[in-house]
Amino acid sequence: MNSMNDTGVVAGPASGRTSRTHRLRGLAGTGFVATLAAMAATTLVAVLAQAVGVDFEVPDGGETIPLPGFAVVTGFFSVVGIVIALALLRWSARPAERFVWTAVSLTAISLIPPLLSGANTATTIALLGLHLVPATVMIPTLTRSLRTRSD
């Protein structure tokens, strides 16, 4: 029922909290889809590397890295990247730029262990590539999502 005093304004939820929650959930959802894509891509590249003769044997302990291990490690560190992106979206004035610097720096640091592993050349090169595969999926996806959500 309308009255003469009705202003026509509809009260809604507090815009700041709802908008921020929506942005954080959207980024998390995008990140988890990208995580699944990164896990699949990394595992596929590992399978292809094995098919051409890479053994993934690391001399320190003499064990071979199992294929599911690539997916698990990729998933874990991709989720770490999502958490970093969420924190930057929440607390940084320039989340996309800061995320790129952070993610690229952490990716560069992640290239050090394969170089120090003592594995044969084929395994070392494959491991280096397998660090770059998920980075090429996660970094652009999360950066694009941060740019869209911080505007």
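Here goes a summary of the coordinates provided. Fair warning: this is a prediction, and the values are worked out from it, not measured in the lab. Here the residue index of a chain counts from 1 through its sequence in written order. Confidence filtering applies because this is a predicted model: local features only for residues at pLDDT of at least 70, side-chain atom pairs given and counted only at 80 or more, and all residues used for totals across whole chains, interfaces and linings. Neither water nor hydrogens contribute to the side-chain values; these are computed over all heavy atoms in the structure.

## Digging into the nonpolar core
Part 1: Leu27, Ala85, Phe99, Met138, Ile139, Leu142 and Leu146 are the most contacted members of the largest nonpolar core, which totals 16 residues.
Part 2: Numbering of helices and strands runs from the N terminus; a helix is a DSSP stretch of H or I covering at least four residues, while a strand is a stretch of E covering at least two. For this core, the element with the most residues is helix α5 (residues 121-150), which contributes six residues.
Part 3: By definition in these notes, contact holds between two residues if any of their heavy atoms fall within 4.5 Å. Once residues lying within four places of it in the same chain are set aside, the contact partners of Ala85 are Leu27, Phe99, Leu142 and Leu146.
Part 4: By nonpolar core we mean a set of buried residues, namely Ala, Val, Leu, Ile, Met, Phe, Trp, Tyr and Cys, connected to one another through side-chain atoms within 4.5 Å. Under the scheme applied here, a residue whose accessible area is under 20% of the maximum for its type counts as buried, over 50% as exposed, and between as partly exposed, the area being computed with a 1.4 Å probe on protein chains only. If you look at the next biggest cluster of nonpolar residues, it comprises eight residues, including Ala46, Phe56, Phe70 and Leu127.

## Side note on the environment of Asp60
Part 1: Within the secondary structure layout, Asp60 lies in the loop between β1 (57-58) and β2 (63-64).
Part 2: The class for Asp60 is exposed, based on a relative accessible area of 72%.
Part 3: On a C-alpha basis, the gap between Asp60 and Gly118 in space is 7.4 Å, while along the polypeptide they are 58 residues apart.

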